[in-house]
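# Structure at a glance
The primary structure of each chain is shown beneath.
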Amino acid sequence: MVERRPLLTFTQHAVLIVGAAIFVFPIYLAFVASTHTGTEVNRGLPLLPGDQMQENYAIVLGEGLSTAGAPPIGLMLMNSTIMALAITLGKLAISLLSSFAIVYFKFPFRVLAFWTIFITLMLPVEVRILPTYEVVAQLGMLNSYAGLSIPLIASATATFLFRQFFMTVPDELTEAARIDGAGPMKFFRDILVPLSRTNIAALFVILFIYGWNQYLWPLLVTTDESYYTVVMGIQRLANSGDQLPQWNLIMATAILALLPPVIVIIVMQRLFVRGLVEVEK
Amino acid sequence: MRTKKVTFRHRWLPYALVAPQIVITLVFFIWPASQALYQSVLRQDAFGLRTEFVGLANFARLFADPLYLESFFTTVWFSALVAGSSMLVALVLAVMADRVIRQATTYRTLLIWPYAVAPAIAGVLWWFLFNPTIGILAYALEALGYDWNHYQDGTDAMTMIVIAAAWRQVAYNFLFFLAGLQAIPKSLTEAAAIDGAGPVKRFVTIQLPLLSPTVFFLIVVNVVYAFFETFGIVHATTAGGPGNDTVILVYKVWRDAFEGLNLGSSAAQSVILMAIVIALTAIQFRYIERRVEY
């Protein structure tokens, strides 16, 4: 702060607090709705939490909304977790390996390999919906965890980030390792990966959120309800046809669907900020 | 492209290391993209028995199709609103947070978490709040004399998806604006203050010009977001309605492929979207080169 201006300081805090409140507002009301009975919510939303919290969340987690033809949310949460973790770990693993090859080896087609990976940046799933679906269908990967995760684990951004980081690792380390007789894989495992810890952790946060929040892809490759993910499955509840939507249960589902990534972002805030800024560089 | 000065030598190991990433890229990215290019110049009859080469006819039909053009303008309008509103709100909040010293991280925590909420979930939350019969915001608007109904009024539906899309994107923009503001040397603002420039003048003449690279970068990122990542909001809430008032391009590609089963047209739309992503990525990379100099 350059100078003392009490009025301005007051305005600042006021704007920030009001801003934060506006952001929390939809979540708060969703939570309130999830603690009342369906009839209470449909009569006009109360502003304070009710006493149906346990009942509602138990129904949602255990039974699901059978009327909407959707499985229990507990199963969907598990599917989401599996998909998000598979995408995150898969992206990290193959990006570490390929950037190691690109930085630490000279081989024919090295530049071609780099540009092939680079191109994935320009081809998000949204622009090649149908042909990608056809490939996955032909490989028999519809309605499987492999189909949900593998097609999404190529990652240009993670590869770039690791490449950038590897370029800053001092050559003396490589020389020392070679003099001591370490082969490339031993160097990778015992020196490079441990040095990349912070980068891996920062990317983990970003990629986990990316994986958890996938919507279009699970919508395409799952027709079997037992593979639904929670972010995608929620639309089945919200558009339950002719019936009046059970908003208290839908909001309980929404809270459950947004809680894991929000907790990750808040707990690992420093890593998240670092990862986001690095990735976009 | 550079490698390390000290490298390893191995006949097959580097190929084995890049293989997983390259195979996935070829099978799930490059092959489908080339299929889209190929199918975009073909036309299939209704039973999928015969296909014929039609050149650019699929593209010509798209650009002569009022529905497609309408969807194009809907998308452009939608992304302008999302990018504009979320950046403006984020800038105001970031400027305020930049001046606060002690509680800066607390405010950051309070403001960045919506980024973790999936667009589809954000859509469902606002869909509920604006619900014409039970939504609290629709109720408040009615008290103010406005009859809100996103099931019938296209403008209401558009406003709803813009708010839902912008709500979570503000968090992202806020982070980058705050980082940009904090990178501005304090000596500049202090010198201006000694010369008698007040906070508003300092913002307009010093901070805003120095933020312009961040602004430009965020415009590209936000447009990409609004174009390609908001499918979930539309699909989970308005489903393109009422009428076709909220059919954004990505939603239309999906609907034409999976509900309309119009392969040639859907492929042509995919190709147009690819061209848009490539253009936006190219702009972004040109900008990054400039930022390195900066």
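My aim in this report is to walk through the structure given alongside it, one point at a time. Just so you know, the residues in each chain are numbered from 1, in the order the chain's sequence is written. For naming, the first written chain is A and the first written ligand is 1, with later ones following in the order written. In view of the model being predicted, local features appear only for residues whose pLDDT reaches at least 70, and side-chain atom pairs are presented and counted only at 80 or more, with totals across whole chains, interfaces and linings using the full set of residues. Values shown for side chains rest on all heavy atoms present in the structure; no hydrogens or waters enter the calculation.

## Describing the pattern of salt bridges
Where charged atoms of side chains with opposite charge meet at close range, the side chains can pair. The line we're drawing: Salt bridge, as applied in this entry: a Lys or Arg side-chain nitrogen positioned within 4 Å of an Asp or Glu carboxyl oxygen. The helix and strand labels rest on DSSP assignments: H or I over at least four residues marks a helix, E over at least two residues marks a strand, and numbering proceeds from the N terminus. Each residue is assigned to one of three classes by its accessible area relative to the maximum for its type, calculated with a 1.4 Å probe on protein chains only: buried under 20%, partly exposed between the two thresholds, exposed over 50%.
Evaluated as defined, the whole model comprises three salt bridges over all chains. Across the pair Lys186(A) and Asp190(A) runs a salt bridge, and its minimum N-O distance is 2.8 Å. Of the two residues, Lys186(A) and Asp190(A) both sit in helix H10 (residues 184–195), four residues apart, roughly one turn of that helix. Note that Asp256(B) is salt-bridged to Lys252(B), the shortest N-O span being 3.3 Å. Linking Asp256(B) with Lys252(B), this pair stays in helix H11 (residues 249–258), spanning four residues, or about one helical turn. By relative accessible area, which is 6% here, Lys252(B) ends up buried.

## Quick word on the packing of aromatic side chains
What counts here: Aromatic pairing here means that ring centres of Phe, Tyr or Trp (its six-membered ring) are within 6.5 Å. Orientation follows from the plane angle: under 30 degrees is stacked, over 60 is edge-to-face, and everything else is tilted. Definition used: whenever NZ (Lys) or CZ (Arg) falls within 6 Å of the ring centre and also within 35 degrees of the ring normal, the charge is taken to sit over that ring.
Per the counting criterion, the structure on display carries 38 aromatic pairs over all chains. Residues Phe176(B) and Phe217(B) carry aromatic rings whose centres are separated by 5.3 Å and whose planes lie at 45° to one another, so their mutual orientation is tilted. A residue pair is termed long-range when its members are at least 10 positions apart, and Phe176(B) in helix H7 (residues 154–182) and Phe217(B) in helix H9 (residues 199–228) qualify at 41 residues. Here Phe176(B) and Phe217(B) have matching classes, each one buried. Aromatic ring contacts, followed pair by pair, group Phe100(A), Tyr104(A), Phe105(A), Phe162(A), Phe165(A), Phe166(A), Phe187(A), Phe188(A) and Phe8(B) into a single cluster. Over the ring of Phe29(B) we find Arg128(A), and its NZ or CZ is 4.1 Å from the ring centre.

## Quick look at the environment of Ile179(A)
Residue and element names in this part refer to chain A. With respect to the helices and strands, the residue isoleucine 179 is situated in helix H9 (residues 171–179). Take isoleucine 179: its relative accessible area is 72%, and that puts it in the exposed class. Each C-alpha atom of the pair isoleucine 179 and glutamine 52 lies 68 Å from the other, and the pair is 127 residues apart in sequence.

## A word on the interface of chain A and chain B
Note the following rule: Any pair of residues with heavy atoms lying within 4.5 Å of one another is described as a contacting pair. Once two parts are put together, the accessible area they lose, assessed with a 1.4 Å probe and summed over both, is termed the buried area. Residues were grouped as follows: Ala, Val, Leu, Ile, Met, Phe, Trp, Tyr, Cys and Pro as nonpolar; Asp, Glu, Lys and Arg as charged; and all remaining residues, including Gly, as polar.
With 114 residues of chain A at the contact, the number on the chain B side is 97 residues. Approximately 9,800 Å² of surface area, both sides summed, lies buried where chain A meets chain B, with 76% of it carried by carbon and sulfur atoms. Here Asp171(A) makes a salt bridge to Lys4(B), at a shortest N to O gap of 3.8 Å. Top element by residues in the side of chain A that touches chain B is helix H1 (residues 6–33) of chain A. It accounts for 18 residues. Looking at the side of chain A that touches chain B, its residues break down into 81 nonpolar, 19 polar and 14 charged.

Note that all results are geometric; they support no functional claim without further evidence.
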